[in-house]
Amino acid sequence: MSPGYMFLIPSEAAFIEAVADHMFPADAHTPGGVDIGINIFIDRALAGSWGKGDRLYLEGPWRLGALDKIE
C-alpha cells in the first residue's frame, strides 16, 4: 500500500489499489494502475471539495412529479 493517503483508511486504500491494478493491469509495455497513481488521484479527489459534495446542486426549484400533491 502506498503511503500518504489523505482520505482513505488502510482497508479502503488496499481495495482501491486492487481495483486500480485490476482495471489497468501492468504488462511488458505499460505500468499498472497503482504505478501511474490512479489510487492517489481517487484519494485526493475524495479528500478535496469534490469529495465533500461542494459542487452538488441541492437547491430547487424542482418541478412537481406525477405523484407530488399540489396544495
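Residues numbered from 1 in each chain as written. Predicted model: local features only at pLDDT ≥ 70, side-chain atom pairs only at ≥ 80, totals over all residues. Heavy atoms only, no water.

## Remarks on helix α2 (residues 38–47)
Turn by turn, an α-helix covers 3.6 residues, leaving residues three or four places apart pointing in a common direction.
Right, so step 1: Listed in full, the buried residues belonging to α2 are I38, N39 and D43. When α2 is viewed along its axis, its buried side chains cluster within an angular range of 140° and face the same direction.
Right, so step 2: Here the buried face of α2 lies against α1 (10–23). (Buried < 20%, exposed > 50% of the residue type's maximum accessible area, 1.4 Å probe, protein only. Helix = DSSP H or I, 4+ residues; strand = E, 2+ residues; numbered from the N terminus. Arc of directions from axis to C-beta. Contact = heavy atoms within 4.5 Å.)

## What about the environment of E17?
Right, so step 1: Relative to the helices and strands, E17 is located in helix α1.
Right, so step 2: Judged by relative accessible area, E17 falls into the buried class, the value being 12%.
Right, so step 3: In this structure the C-alpha to C-alpha distance between E17 and G33, which are 16 residues apart in sequence, comes to 7.6 Å.

## Re the environment of R55
Right, so step 1: By the secondary structure assignment, R55 is in the segment after α2.
Right, so step 2: C-alpha separation for the pair R55 and H29, spaced 26 residues apart in sequence, amounts to 38 Å.

## Quick word on the packing of α1 against α2
Right, so step 1: It is at 9 Å that the axes of α1 and α2 come closest, and there the two elements cross at 130°. It follows from the interaxial angle that α1 and α2 lie oblique. In this structure, the crossing between α1 and α2 has a hand that is right-handed. Across the interface between the two elements, I16, E17 and A20 of α1 pack against I38, N39 and I42 of α2.
Right, so step 2: The class makeup of the residues in the contact of α1 with α2 is four nonpolar, one polar and one charged. (Axes fitted to C-alpha atoms, helices over the stretch in contact; angles between N-to-C directions. Parallel < 35°, antiparallel > 145°, perpendicular 65-115°, else oblique. Left-handed = near helix turned anticlockwise from the far one by under 90°. Nonpolar A, V, L, I, M, F, W, Y, C, P; charged D, E, K, R; others polar.)

## Quick word on the pattern of salt bridges
Right, so step 1: A complete count under the given rule lists one salt bridge for this structure.
Right, so step 2: Salt-bridge contacts for D43 lead to R44; the nearest nitrogen and oxygen are separated by 2.7 Å. (Salt bridge = Lys/Arg side-chain N within 4 Å of Asp/Glu carboxyl O.)

## What to know about a nonpolar patch on the surface
Right, so step 1: A contiguous nonpolar surface patch, about 320 Å² in accessible area, is contributed by M23, F24 and I36.
Right, so step 2: Turning to its location among the elements, F24 is positioned in the loop between α1 and α2. (Patch = residues over 30% accessible without salt bridge, like charges linked within 9 Å, V, L, I, M, F, W, Y side chains within 5 Å. Areas by Shrake-Rupley, 256 points an atom, 1.4 Å probe, with all protein chains shown as cover.)

These values are about where atoms sit, not about what they do.
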